[in-house]
Amino acid sequence: MLKMFIESFKNLVSEPETIKYPFSPSPEPKGYRGVIHYNEELCIFCDKCENICPPGAIKFVVVDYESGKKEYNYNPYLCIYCGACVRECPKADDGCLVQVEKRMPPLGRSVPKGKELGYFINRIENPKEVEIKWREIEEMNVKSKEEYKAYKRAKRVKKI
Ligand code: SF4
Ligand code: SF4
């Protein structure tokens, strides 16, 4: 009887085991394969992550033909959290590309930001623009790579 009383009292004062979903978000389970975090300082711009990505959620845009500098654009709303990019990245062990245990919140009135998410999402102000702006990135990706190739070809010819 005393044991039951102690147990009941403990339950009365302890935190509830349940969560208040949908009023508070449900936590991700341990080992959850979530969004991709990127560190530009460690990137060697090999494009392997872009080439392996099944839905095309990573797109590099060449922004400086002389140095070959590229901007990493990641669309977390296209990403299927498969982790293929991280497995393919030669600098992943250093922390260049990491899959974290966090899913992307639904697009509400604001767009989630963070340097680790790359350039694309950080430049979006209106959530309704995500799709159209991503199409622009896809076009810039193709165009800048073609122009970069042509630039390098022209440079080689000049040297001959
Ligand atoms: S986790 Fe998969 S879908 Fe997401 S960016 Fe990486 S390769 Fe693409
Ligand atoms: S695979 Fe890794 S090193 Fe290569 S471009 Fe992608 S993030 Fe950079």
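Residues numbered from 1 in each chain as written. Chains lettered and ligands numbered in written order. Predicted model: local features only at pLDDT ≥ 70, side-chain atom pairs only at ≥ 80, totals over all residues. Heavy atoms only, no water.

Caption draft 1: How the structure looks around the packing of aromatic side chains. Applying the stated criterion to the full structure yields eight aromatic pairs. Taking 4.8 Å as the distance between ring centres and 70 degrees as the angle between the ring planes, the aromatic pair formed by phenylalanine 120 and tryptophan 134 counts as edge-to-face. Here the residue phenylalanine 120 occupies a position in helix H4 (residues 119-122), and tryptophan 134 occupies one in helix H5 (residues 130-159), the gap between them amounting to 14 residues. Given the relative accessible area of 4%, phenylalanine 120 is considered buried. (Phe/Tyr/Trp six-rings, centres within 6.5 Å; stacked < 30°, edge-to-face > 60°. Helix = DSSP H or I, 4+ residues; strand = E, 2+ residues; numbered from the N terminus. Buried < 20%, exposed > 50% of the residue type's maximum accessible area, 1.4 Å probe, protein only.)

Caption draft 2: Quick look at the side chain of serine 144. Its place among the elements puts serine 144 in helix H5. Taking the relative accessible area as the measure of exposure, serine 144 reaches 5% and is therefore buried. Separated by 3.0 Å, the side chain of serine 144 and the backbone nitrogen of valine 62 make a polar contact. (Polar contact = N/O pair within 3.5 Å; in protein donor to acceptor, adjacent residues only side chain to side chain.)

Caption draft 3: Region of the structure containing the site of ligand 1. Close to ligand 1 lie 13 residues; Cys53, Cys79, Cys82, Gly83 and Cys85 are nearest. Split by residue class, the shell around ligand 1 holds twelve nonpolar, one polar and no charged. (Near = heavy atom within 4 Å. Nonpolar A, V, L, I, M, F, W, Y, C, P; charged D, E, K, R; others polar.)

Caption draft 4: Quick look at the site of ligand 2. Taken together, 14 residues form the shell around ligand 2, and within it Cys43, Cys46, Asp47, Cys49 and Cys89 come nearest. Grouping the constituent residues of the shell around ligand 2 by class yields eleven nonpolar, no polar and three charged.

Caption draft 5: The arrangement of H5 in detail. Relative to the 44 Å expected for 30 residues at 1.5 Å per residue, H5 spans 43 Å between its end C-alpha atoms, a close match to the ideal helical length. What H5 keeps buried is the set Val130, Trp134, Ile137, Asn141, Ser144, Lys145 and Tyr148. Those residues of H5 that are buried are in contact with helix H2 (48-52), strand S2 (58-64), strand S3 (69-74) and H4. (Expected span 1.5 Å × (residues − 1). Contact = heavy atoms within 4.5 Å.)

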